[in-house]
Amino acid sequence: MTNTPVSSKQHAINPLPVTSPLPKKTEGVAMIGILALAFVIPQTTDIRADSLQAGVGKVDITHLEAGPVNDRLYVKALLLKNSHQTAVIITVDAVAIAEIGSIRNDFLSNVRSRLHHTFKIKPTHVLINASHCHGRVCEDIEDRTYQAVQQAFRNLVPVTIGSGTGHEDRIMENRRLRLKNGTELDVRQAYSLPPDEVIAGIGPVDPEIGVLKLNRMDGATLAVIYHFACHPIQSVPSGGNTADITGFASQVIEDNMSKDTVALFLQGCAGDINPAFYKDVNHPRHAEPLGNMLGLSTLKALRQITPRRDDRLKVINQVIELPRADLGQRIHELETQQQALLHSLKGTFLNLKTFLILSAKHNISPEYPSFDIGSYLHDKVSGRNDLLHHDDQNRNHLDRYIQNIYTMEKLTRLQTNLALLRKHHQNNSNAGSSTISAELIAMRIGDFVLITFPGELTVQIGLGIKAMSPHPLTFVSGYTNGYLYYSPTAEQLRNVGRAQEDSECLLAPEWQAIFEQRVRDLLQQL
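Residues numbered from 1 in each chain as written. Predicted model: local features only at pLDDT ≥ 70, side-chain atom pairs only at ≥ 80, totals over all residues. Heavy atoms only, no water.

Chemist: Now, about the overall build of the chain: what can you tell me, with residues and values included?
Modeler: The secondary structure content of the chain amounts to 12 helices and 19 strands. Seen through its principal axes, the chain has C-alpha atoms that stretch 120 × 50 × 45 Å. Out of the 526 residues in the chain, the part that is buried amounts to 53%. Of all intrachain contacts in the chain linking residues separated by at least 6 positions in sequence, the fraction that spans at least 24 positions is 79%. Taken together, the 52 basic and 54 acidic charged side chains of the chain have centroids lying 4 Å from each other. (Helix = DSSP H or I, 4+ residues; strand = E, 2+ residues; numbered from the N terminus. Buried < 20%, exposed > 50% of the residue type's maximum accessible area, 1.4 Å probe, protein only. Contact = heavy atoms within 4.5 Å. Lys, Arg positive; Asp, Glu negative; His and termini not counted. Charge placed at Lys NZ, Arg CZ, Asp CG, Glu CD.)

Right under this line is the structure:
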């Protein structure tokens, strides 16, 4: 393991006192044992039966050899313990903790195994959430995640807790566009937007920030959990490695709370939520202003929360089986559409150069694009319409060229999503099972209630669960304890092949009802 500094906020270990001399033969062995106990058994004060204990850790996981670094990426751990059970929440500035990105598929099981071996934390009580930023993490991420939990164990203290909500609606937008023909497209860098005149509306966002505040007994804030739904994929002008929007937001929170406060971000149901102005071509892409707004809105909410003693901590871990999609028929339909679009392309009189010149002239002067008005008037009094006829021909050339452009844009969208469908159809065919396992966690910390799922849930899933929950402060996190690609609603899955969320999906439409019924049961148990 690389000997890398883990955090400027790491606290020292206080060794257990030695009250009598040690025999020389056993001195070294005994001292090792004492230090091990000091490491594993947290030293706390002011512990009452109704006290929740918590500890935090924060370790840099930035990949320093992967190119320029704009800002640092972190793994953070929040250890929670009452008289009945122990749990740990780990947040990682990474795109996912399996399947995509550089974190290996055995990361979760390996971390859980090490934590159980050293700290006796049940594997089912370890929750790891990826922010879904597209930053590049170091190769020894597993070791550094373990270090973050080590720090949390060393610094376990009694805490008071309080929960609440904030509001932020300026930094994100739903990326699904409802078209007038009843279908939907999504806003991606991978392909172009459709023409404005075919768009009828957009989907919803969730502006709620879920907030959990944990204070030490002296009133200083130990940790903050904040929950929000937005893809942190805005990047920075330099193109350097970045934790993106949520990294900047966490820094704002930590800089404005107590000394050594750690802010942990939990990603919500962001499957179809982009940063605001995601397709802007007039300004450099910059996540920091958006992150600053999210951080300040979270601080505003934190100032309304007064923590109190509350030792309620409950964790329920269940695995459900969800149906895999059979995508063969839909792939065939899209391939037919693809051929029809290809055959609809027509030869054109123009090339790109002449199209741009003609288009500019016709936009500047739609009535008299070819010459000055005097030439048109001269034609008219002479009994000719040569210029008008010439303009009509050019308009037809322009329309034909534009229609080809629109057709090619449709093809790029279709081909991009068709490739995703083929990939996941192959994955489902090779799985050897008609179902896929998904691990759910239902967690209660005081009044703060959290439901987790491994996939990229779309925002309507989260809004629906919040609406049906008997607990006012309920929040739903995707990207947790695995990665199952996108998990759109059953309604959205009628749109397969037209948007990324529908196409990069392993699940059949029936998955939603199964998942939501299990969530309803879990919420009742909390």
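Chemist: Outline the sheet that holds strand E12 (residues 262–267), listing residues and values.
Modeler: Pairing between the strands of a sheet comes from backbone hydrogen bonds, and it takes one of two forms, parallel or antiparallel. Read from one edge to the other, the open sheet built from eight strands follows the order E4-E3-E2-E1-E5-E10-E11-E12, with strand pairing classed as mixed. Each edge of the open sheet carries a strand with a single partner, namely strand E4 (126–130) and E12. Sheet twist, expressed as the average angle between the axes of neighbouring strands with direction ignored, equals 25°. The sheet contact formed by strand E1 (residues 52–60) and strand E5 (residues 157–167) spans three bridges and is antiparallel. By the bridge assignment for E5, Leu52 is matched with Val159. In this fold helix H5 (residues 287–302) packs onto E5, strand E10 (208–216) and strand E11 (221–228), with an angle of close to 60° to the strand it touches most, E10. (Pairing = 2+ DSSP bridges. Axes fitted to C-alpha atoms, helices over the stretch in contact; angles between N-to-C directions.)

Chemist: Quick rundown of unusual backbone geometry? Include the residues and the values.
Modeler: Backbone geometry at Ser235 places phi at a positive 70°, although glycine is not the residue there. One can find Ser235 in the loop between E11 and helix H4 (244–255).

Chemist: Now, about a nonpolar patch on the surface: what can you tell me, with residues and values included?
Modeler: Taken together, the side chains of Leu342, Leu345 and Met408 present a nonpolar region at the surface, about 240 Å² in accessible area. Following the sequence through the fold, Leu345 ends up in the loop between helix H6 (328–344) and helix H7 (352–364). When its relative accessible area of 31% is taken as the criterion, Leu345 is described as partly exposed. (Patch = residues over 30% accessible without salt bridge, like charges linked within 9 Å, V, L, I, M, F, W, Y side chains within 5 Å. Areas by Shrake-Rupley, 256 points an atom, 1.4 Å probe, with all protein chains shown as cover. Salt bridge = Lys/Arg side-chain N within 4 Å of Asp/Glu carboxyl O.)

Chemist: Any details on the side chain of Thr452? Residues and values, ideally.
Modeler: The topology assignment puts Thr452 in strand E16 (residues 448–452). Setting aside anything within four residues of it in sequence, one finds Thr452 in contact with Leu127, Glu439, Leu440, Ile441, Ser477 and Thr480.

Chemist: Lay out helix H12 (residues 511–525) in plain terms, naming residues and giving numbers.
Modeler: Look at H12: 22 Å from first C-alpha to last across 15 residues, which is about the 21 Å you get at 1.5 Å a residue. Burial in H12 covers these residues: Trp511, Gln512, Phe515, Glu516, Val519, Leu522 and Leu523. Looking down the long axis of H12, one finds its buried residues gathered within 120° of arc, a one-sided arrangement. Across H12 from its buried face, at more than 90 degrees, point the exposed residues Ala513 and Gln524. (Expected span 1.5 Å × (residues − 1). Arc of directions from axis to C-beta.)

Chemist: Would you mind going over the sheet that holds strand E8 (residues 184–186) in detail, with residue names and values included?
Modeler: The three strands are arranged E8-E7-E9 in an open sheet whose pairing can be described as antiparallel. Looking at which strands have only one partner, the edges of the open sheet turn out to be E8 and strand E9 (199–202). Sheet twist, expressed as the mean angle between neighbouring strand axes with direction ignored, is 35°.

Chemist: Break down the packing of aromatic side chains for me, with residues and values.
Modeler: In total, this model carries 10 aromatic pairs according to the counting rule given. Judged by centre distance (4.6 Å) and plane angle (20°), the rings of Phe355 and Tyr401 are stacked. Taken together, the residues span a long stretch of sequence, with Phe355 in helix H7 and Tyr401 in helix H9 (residues 386–430) at a distance of 46 residues. The class of Phe355 is buried, set by a relative accessible area of 10%. The rings of Phe119, Tyr146 and Phe153 are connected pair by pair, giving a single aromatic cluster. (Phe/Tyr/Trp six-rings, centres within 6.5 Å; stacked < 30°, edge-to-face > 60°.)

Chemist: I'd like to hear about the pattern of salt bridges, residue by residue, with values.
Modeler: Scanning the model with the defined rule gives 26 salt bridges in all. For the salt bridge of Glu254 with Lys58, the shortest nitrogen-to-oxygen distance reads 2.7 Å. With Glu254 in helix H4 and Lys58 in strand E1, the pair connects residues that are 196 residues apart, well separated along the chain. For Lys58, a relative accessible area of 6% translates into the label buried. Here Asp447 makes a salt bridge to Arg308, at a shortest N to O gap of 3.6 Å.

Chemist: Please provide a residue-by-residue account of the packing of helix H2 (residues 107–119) against helix H3 (residues 141–154), values included.
Modeler: Where H2 meets H3, the closest approach of the two axes is 10 Å, and the angle between their N-to-C directions is 35°. Between H2 and H3 lies a crossing of right-handed hand. Residues Phe107, Asn110, Val111, Arg114, Leu115, Thr118 and Phe119 of H2 form the contact with H3, whose participating residues are Ile141, Glu142, Asp143, Thr145, Tyr146, Val149, Gln150 and Phe153. Tallied by class, the residues present in the contact of H2 with H3 amount to eight nonpolar, four polar and three charged. (Left-handed = near helix turned anticlockwise from the far one by under 90°. Nonpolar A, V, L, I, M, F, W, Y, C, P; charged D, E, K, R; others polar.)

Chemist: Help me get a handle on the pairing of E10, residues and values and all.
Modeler: The buried count for E10 comes to seven of nine residues, which makes it a mostly enclosed element. Looking at chain direction, E5 and E10 are connected through nine bridges and run antiparallel. Bridging from a neighbouring strand, His167 pairs with Glu208 of E10. Across six bridges, E10 lies against E11 in antiparallel orientation. Opposite Asn215, over in E11, you have Thr221 as the bridge partner.

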